[in-house]
Number of protein chains: 2
Amino acid sequence: MSQFSFPSSSVLPLNSSKSDSFETQQQNSEKPIFNPHDINPNLLQKLVYDALVWCSLHGLLVGDRTAKKSGTVPGVGMIHAPISLLPASFPEDHFKQACELASIFNELFDRVSLDAKFLQDSLSRTRKVDEFTSRLLDIHSKMIDINKKEEIRLGLHRSDYMLDAQTKSLLQIEFNTISSSFAGLMCLVSELHRNLLGLYGNQLQLDFRKVPENASVQHFAKALAEAWREYNNPRAVVLVVVQAEERNMYDQLWLSDVLRERYPFCFSNKTCGKLVVVKLSIFKRIQLKWKTLAEIDAEGKLLPDGTLAVNGEAVAVVYFRAGYAPTDYPSELEWRARLLIEQSSAVKCPSIAYHLAGTKKIQQELAKPNVLERFLDNKEDIAKLRKCFAGLWSLDDTEIITDAIERPELYVMKPQREGGGNNIYGNEVKEALLRIQKGGSEEDAAYILMQRIFPTVFPALLVREGIFHKDHAISELGIYGSYLRNKEKIIINEQCGYLMRTKVSSSDEGGVAAGFAVLDSLYLS
Amino acid sequence: MSQFSFPSSSVLPLNSSKSDSFETQQQNSEKPIFNPHDINPNLLQKLVYDALVWCSLHGLLVGDRTAKKSGTVPGVGMIHAPISLLPASFPEDHFKQACELASIFNELFDRVSLDAKFLQDSLSRTRKVDEFTSRLLDIHSKMIDINKKEEIRLGLHRSDYMLDAQTKSLLQIEFNTISSSFAGLMCLVSELHRNLLGLYGNQLQLDFRKVPENASVQHFAKALAEAWREYNNPRAVVLVVVQAEERNMYDQLWLSDVLRERYPFCFSNKTCGKLVVVKLSIFKRIQLKWKTLAEIDAEGKLLPDGTLAVNGEAVAVVYFRAGYAPTDYPSELEWRARLLIEQSSAVKCPSIAYHLAGTKKIQQELAKPNVLERFLDNKEDIAKLRKCFAGLWSLDDTEIITDAIERPELYVMKPQREGGGNNIYGNEVKEALLRIQKGGSEEDAAYILMQRIFPTVFPALLVREGIFHKDHAISELGIYGSYLRNKEKIIINEQCGYLMRTKVSSSDEGGVAAGFAVLDSLYLS
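Within any chain, residue numbers begin from 1 and follow the written order of that chain's sequence. Here every chain gets a letter starting at A, and every ligand a number starting at 1, in the order they are written. The predicted origin of the model limits local features to residues at a pLDDT of at least 70 and limits the giving and counting of side-chain atom pairs to 80 or more, whereas totals for whole chains, interfaces and linings rest on all residues. No hydrogens and no water enter the side-chain calculation; it runs on all heavy atoms of the structure.

1. Section: the overall build of chain A
Step number 1: What counts as a helix is a DSSP run of H or I of at least four residues, what counts as a strand is a run of E of at least two, and both are numbered from the N terminus. Each helix and strand counted, chain A has 17 helices and 22 strands in total.
Step number 2: Three exposure classes are used, based on accessible area relative to the maximum for each residue type with a 1.4 Å probe and protein chains only: buried under 20%, partly exposed in between, and exposed over 50%. A total of 525 residues make up chain A; the buried ones form 62% of that total.
Step number 3: When checking whether two residues touch, look at their non-hydrogen atoms; a contact exists if any pair is within 4.5 Å. A separation threshold of at least 6 residues defines the contact pool for chain A, and within that pool the share at least 24 residues apart is 74%.
Step number 4: Per-residue and other accessible areas were derived by the Shrake-Rupley procedure at a 1.4 Å probe size, with only the shown protein chains allowed to occlude residues. Split by element, the accessible area of chain A, about 21,400 Å² in all, is 49% carbon and sulfur.

Spelled out as C-alpha cells, the structure:
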C-alpha cells in the first residue's frame, strides 16, 4: 500500500510557485495502488464486525457521550473508541525522522524550562492579553522569587506532525508538554490493526508487520514509576489530576493499570536485599489517587519539609491529565491547588516551567533564527529540529501580516490557548488580521501565525459509535517522548510510541479537519 | 475465610427430623470468621472502583439493557457484567467432588443420547402436554426413521449444583446439554478476583491462590476446534446459532475469539508436512458464522452428500447458543432450520438426542432405581452420581404428592421448559398439585417434583450497573464438561472450569433466589 494520494485542495503551499505546485499535484494524482473504498462489501462487513468485537474485548473504549455517568463511573456507558478500520499509510523514512526527533525535543524542552528569563520575556506580551497564560506566569514568577528548583524533572510529551503533501516534508504542528493523551489507547489501536491484517491481510494484500508495534503506555508507565522511585518515599502515591468528568477515562486507566501491574517495587523498609524467599507481599505496588484540582485544594497541604500531602498521604509524582485549559480553573480554588502543587517537592508532570515551554508562543520563539542555539550545542540536532519547523511568525511581523491578508488560505492563526479547536482558517484569518491592525490593541499578542500545512487527503474507512463511514481524511502523527532526570543525570530520554489521528476532511475546504477524528495507526510505505 | 454461615430459613430440610435440624442450625449460626459486610468503607470503595476498571479493560462485559442496539451491535452500549466483589467461599472437597463428576456425567449423557427408545419412552407422556418437547421428539423420531447416526458427537455441558446447608451435601440442580453459557466470561471473573486479592489480600486476609483458576473458555474452544478438525473439511465453518438479540454476546464473542486465535490449523491442501519456513498464511483460522435459526432456514441447504451449506459455505460444527427455549421458535421457519441441521452431517452441539437427554424429565428418570445401571458399568461411578442426586419424582407418585401438598415448602415443581425462572415454590406448589389432582388432565406430565435445596445464605457484596450492594445471597456452582468422540474413540472427556452464580436471597423466603444474580468465583475453604 503506497501512500494514498488524492488531489484535494485548490490552494497552493507557501514557498512554491504556481507552476511548480501544479506539477506536483499532477504527480500526486496518479491512481492509488490500494483504495480501501474498493474493498468488497462482504469483506468490509467482516472487518467492521471483527474490529468492533476486538475493541470491546480488549478495552479499546471511551465513555459514551449519550450515556449517563459515562464520564464519572468506570464500567458503565462504554462504547468502542472511534477508530480507523485500517492503518493510514505513512512513509517509513518520515516516521523514522519523527522518532529520531523525540529525544532531541525532550532535551530542548528541558533546557528551555530551566531558562526562566527566556520564558518570562518571550511571554511578556502574551501575558497582557491572555489571562490563562498570565496566571501560569504568576505561579512561575513566584517560583523564581522563592528560588524553587525542580531537581527531578519528568516530561511525558507528544510532538505532533503533519506530512505536507506538496513538499513531502514532515512539519511539526505543536509540542505537548501537558496531558499528552491517548498513550493508553494507542497501543491497542496498533494491536487491533495488526490483528485485522493478520486475519485479512492476504485478501487485502497488506502485511501486518508493516504496522509498527506501539508500546507508548508501557513507556509512560515506566517513566512515572522511575520518577516515583527517584522521589524515594515508598509510602508516597502518584496523584493524577483529573477533570471531574472525563469520557477518555479508559486511556488514563490503562496507564494506571500498567503502572500498577508492571512496576511493583520492593519495600525499602523490608529485607529485600537479603536472600529471602520472595513473597508478593514484600513488593509495594505504586498507589494512584485521582483528584480534581478542587479536591486537591480541599484535601491537600504542604508539610514543613515541602512534601505535598493529600488527604494525609504523601505525593511522589503529580501527573496532570487536567489543568491545561482555562475551563479547568473555574474558580480561585483550582489556581490555589496548582500553586500548592508547584510549591511542593513532588515531581510534577509537568512543572509550571515545562507547561509554559509548551505554549504556542514559545514554539514560535524557538523557530526564530539563532534561538535553538541558545539551548542546544549539537549542530546536527539543531538542523534536524529546524527541518521540521513550519513557518511560524508573531503578529508584529508586518511583512507576513500583509501577505497573510492577501493569501489567508496559506496561514493558520493559532491562539495561545491549549486544547485545539480554536484555530482560525481561511477568510477569517484575513478578517481577524484586519481587525487587529485597525484596533491598535495588544490582541495580536494572543495569537501566532503558522504556515498552513496541506497533508495528503486519502480515502478512509472510519468506525464511530458502531457505525461505519467511508470518507476522505487527513492524518496527524504524534510521537510520544519521555524524559526523566535528577540532579546528576538523565535517567530516561526516549521516543516511546506514536499516535495517529485521522480526521474527516470532506466537509472542509482544503484539508484541515472539520469533521470528527478517530484513532489510527501507521502502515509503513 | 470459612464458609459464611447465616441462619436463614425457618423451613426444615427433607429427611431430617425437627430436633436434628434445630441442632444443625445452631451449629451453623456460629459467628462467621470473615464477614465482607464489615470491610471498612474506604477499602470497599477502592475494591469497587478497581473491580469496575478491571472489568472494563479486560472485556468482562454485557450489553446494557437500557442502551439501544446493545444486543445487536458489538462495541456499543456496553456495561460491566454483574459481579460479586469477592469470591464466594466453597469447601474444597465439595468442589473436587463436583469436578470429578464431570467426566462421568459426560459419558452418561453420551450413552443416554444413543438410547433412542429410552428417550422416546421416558418423554412419551411429556410429549402430550409440552408442545416444545413434542416438536423436539418429532425431529428425533424422524432421525430414528431415517436411521441417522451421529458419529462425531460433541457435548459442551454444564452441571449445576447447590450445597445443601443442613446435610452438607452437594446436590445437582440440573444438567445442561444445550447453550451452556458464561464459559467465556467466567475465566475473567476468576482472574478479576485473583487480581483483587493480589492487591488487597493482605488487608482482607485472603489469599488469591485459593481462587481456582478457570480455563473454561479455552477448553470449550479446544473442543469446538477438535470437532471441526474431526469433520475434516478445511473450508468448512463453525456455525453459531444465535438469538436475534443477545445482551450476553461478549460471553459468546470471547469463545469465538479464543477459538480463532488459539486454534489455527494447517491447510490440509498445502505443504504443511514438509520442512518449510512456516508462514502465517499457510495456517487456516477457523471461520465462524453467526446466524439465527430463521437465517439458517433462508440461507441453508442440504447438499446431496449430507453437507449443511449456509450461504454456500459448508458447515463443520453447529454450536447452539439459541434454540433451547420455545421463544426461539416463533414460527415454522425455525423448526424447519432445526430439522435441516439435524439431517446434515455437521457435528451438532447438541444433537437432538443430546438436547432431549438434558430435559428435566430425563434427569428425573435417571434418578430412579436401576436406571443408571442401564448406561454405566462402573459401580463406583454410579455411586458417585447417585450421591449428588437430589430427590426427584414424577407427578404420578401419589405418596410424594400427598407429602408435597402437606409440606410444599420442601419441594420445587419444575416444568419441562428450559431457561429457568419457571419453577414453582412454596404455597403455589400446593395449589398447583391440588389443581392437577382435581383436573384429571395430563398436566402432571409437564412437571417434575424436586427436593428443595437450602444452600447457606451468606453476606455478599454485589456490583451491578456501576452500583454496589450489600446483600444476603446464595450461590450455585456450575461445572463445565466437554466431550468429543468419533466412531472409534473418545477424543475429549474432561472437566473444564466452573461457573459460580450468586443470587440475592433477601427478598425471598427461604433461600431461593428472587433477586438478581451475579457472576462469582470460588474461594476454597
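Moving on from the coordinates now.
2. Focus on the sheet that holds strand 16 (residues 411-415) of chain B
Residues and elements named next belong to chain B.
Step number 1: For two strands to be treated as a pair, DSSP must find at least two bridges joining them. Spatially, the three strands line up as an open sheet ordered 15-17-16, and their pairing is antiparallel. Because the sheet does not close on itself, it has two edges, and the strands there are strand 15 (392-394) and strand 16. The mean angle between the axes of side-by-side strands here comes to 30 degrees, regardless of whether they run parallel or antiparallel.
Step number 2: Bridging between strand 16 and strand 17 (residues 447-451) involves five bridges; their strand directions are antiparallel. As a rule, the C-alpha atoms of each element are fitted with a line to give its axis, helices using only the stretch in contact, and angles between N-to-C directions run from 0 to 180 degrees.

3. Here we look at the packing of aromatic side chains
Step number 1: Stacked, tilted and edge-to-face are the three classes assigned to paired rings of Phe, Tyr and Trp, where Trp is represented by its six-membered ring and a pair needs centres within 6.5 Å; plane angles under 30 degrees give stacked, over 60 edge-to-face, the rest tilted. The final tally for this structure, using the stated rule, is 22 aromatic pairs over all chains.
Step number 2: Aromatic side chains Phe132(A) and Trp335(A) sit 5.8 Å apart centroid to centroid with 50 degrees between the ring planes, which places their arrangement in the tilted category. Taken together, the residues Phe132(A) in helix 6 (residues 131-145) and Trp335(A) in helix 11 (residues 332-343) connect sequence positions 203 residues apart. Each member of the pair, Phe132(A) together with Trp335(A), is buried.
Step number 3: Each residue in the set Phe105(A), Phe109(A), Phe175(A) and Phe389(A) is aromatic and connected to the rest through ring pairs, giving one cluster.
Step number 4: The side chain of Arg338(B) reaches across the aromatic face of Phe320(B), ending 4.5 Å from its centre.
Step number 5: When the NZ atom of lysine or the CZ atom of arginine is within 6 Å of a ring's centre and also within 35 degrees of its normal, the charge is said to sit over that ring. In this structure, Arg464(B) is placed above the aromatic ring of Phe516(B), and the distance from its NZ or CZ to the ring centre is 3.6 Å.

4. As for the relation of the copies chain A and chain B
Step number 1: Fitting of the copies onto one another was done by least squares over C-alpha atoms, counting residues only where both copies have pLDDT of at least 70. Mapping chain A onto chain B leaves a residual RMSD of 0.0 Å; the transformation is a rotation of 180 degrees accompanied by 0.0 Å of translation along its axis. The operation mapping one copy onto its partner corresponds to a two-fold rotation axis. When C-alpha positions in chain A are compared against the rotation axis, the closest is assigned to Met78(A), at 2.5 Å.

5. Notes on the confidence of the model for chain A
Fine structural detail should not be taken from predicted coordinates in areas where pLDDT scores are low.
Residue and element names in this part refer to chain A.
Step number 1: In predicted models, pLDDT denotes the confidence assigned by the predictor to each residue on a 0 to 100 scale. Residues of chain A with pLDDT of at least 70 account for 87%, and the chain-wide mean is 89.
Step number 2: Note on residues 268-281: pLDDT is under 50 here. Beyond four places in sequence and across chains, it has 11 contacts.
Step number 3: The model gives residues 507-513 a pLDDT under 50, and that stretch makes 18 contacts with residues more than four places away or in other chains.

6. Observations concerning the side chain of Thr502(B)
Residues and elements named next belong to chain B.
Step number 1: With respect to the helices and strands, Thr-502 occurs in strand 20 (residues 490-504).
Step number 2: Judged by its relative accessible area of 0%, Thr-502 falls in the buried class.
Step number 3: Residues adjacent in sequence count toward polar contacts only when both atoms are side-chain atoms; beyond that, a polar contact is any pair of N or O atoms within 3.5 Å, and within protein one must be able to donate a hydrogen and the other to accept it. Within the structure, the side chain of Thr-502 is placed 2.7 Å from the side chain of Ser-475, a separation counted as a polar contact.
Step number 4: Polar side-chain contacts of Thr-502 include one of 2.6 Å to the side chain of Asp-520.

7. Notes on the pattern of salt bridges
For side chains of opposite charge, pairing can occur when their charged atoms come near one another.
Residues and elements named next belong to chain A.
Step number 1: Any Lys or Arg side-chain nitrogen found within 4 Å of a carboxyl oxygen on Asp or Glu counts as a salt bridge. The final tally for this structure, using the stated rule, is 68 salt bridges over all chains.
Step number 2: Its salt-bridge partner being Arg-158, residue Asp-160 comes within 2.8 Å of it at the nearest N-O pair.
Step number 3: The class of Asp-160 is buried, set by a relative accessible area of 1%.
Step number 4: The exposure class of Arg-158 is buried, given its relative accessible area of 4%.

8. Concerning the pairing of strand 16 (residues 411-415) of chain A
Step number 1: Among the five residues that make up strand 16 of chain A, five are buried, leaving the element largely enclosed by the rest of the structure.
Step number 2: Of the two faces of strand 16 of chain A, the one lined by Tyr411(A), Met413(A) and Pro415(A) and the one lined by Val412(A) and Lys414(A) are each fully buried.

9. Remarks on the UniProt feature "binding site: Mg(2+)" (unreviewed entry) in chain A
Step number 1: The sites that carry the UniProt feature "binding site: Mg(2+)" (unreviewed entry) are, in the present numbering, Glu174(A), Asn176(A) and Glu418(A).
Step number 2: One can find Glu174(A) in strand 6 (residues 169-176). UniProt positions are given in the numbering used here, feature names are shortened, and annotations may be inferred rather than shown by experiment.

10. Points about the interface of chain A and chain B
Think of interface size as the accessible area that goes away when the parts come together; that is how it is often given.
Step number 1: Contact with chain A, which involves 39 residues of that partner, is made by 39 residues of chain B.
Step number 2: Buried surface at the junction of chain A and chain B, both sides included, amounts to about 3,100 Å², of which 60% is carbon and sulfur.
Step number 3: Our count for the chain A to chain B interface comes out at two salt bridges.
Step number 4: A salt bridge links Asp50(B) to Arg260(A); the nearest nitrogen and oxygen atoms lie 3.0 Å apart.
Step number 5: Run the count over chain A and chain B and you get seven residue pairs in polar contact (both at pLDDT 80 or more).
Step number 6: When residues of the side of chain A that touches chain B are traced back to their parent elements, those giving at least two are helix 2 (41-58), strand 2 (78-80), helix 7 (183-204), helix 9 (249-262) and strand 10 (288-291) of chain A.
Step number 7: The element contributing the most residues to the side of chain A that touches chain B is helix 2 of chain A, with eight residues.
Step number 8: Amino acids are sorted into nonpolar (Ala, Val, Leu, Ile, Met, Phe, Trp, Tyr, Cys and Pro), charged (Asp, Glu, Lys and Arg) and polar (every other residue, Gly among them). Partitioning the side of chain A that touches chain B into residue classes produces 19 nonpolar, 11 polar and nine charged. Values labelled buried area give the accessible surface lost by two parts on being combined, using a 1.4 Å probe and summing over both.

11. Considerations on unusual backbone geometry
Step number 1: Cis rather than trans, the peptide bond between Cys349(A) and Pro350(A) has omega equal to 5 degrees.
Step number 2: Its place among the elements puts Pro350(A) in the loop between strand 14 (347-349) and helix 12 (352-357).
Step number 3: At Asn311(B), a residue that is not glycine, the phi angle is positive and equals roughly 55 degrees.
Step number 4: For Asn311(B), the location among the structural elements is in the loop between strand 12 (308-310) and strand 13 (313-320).

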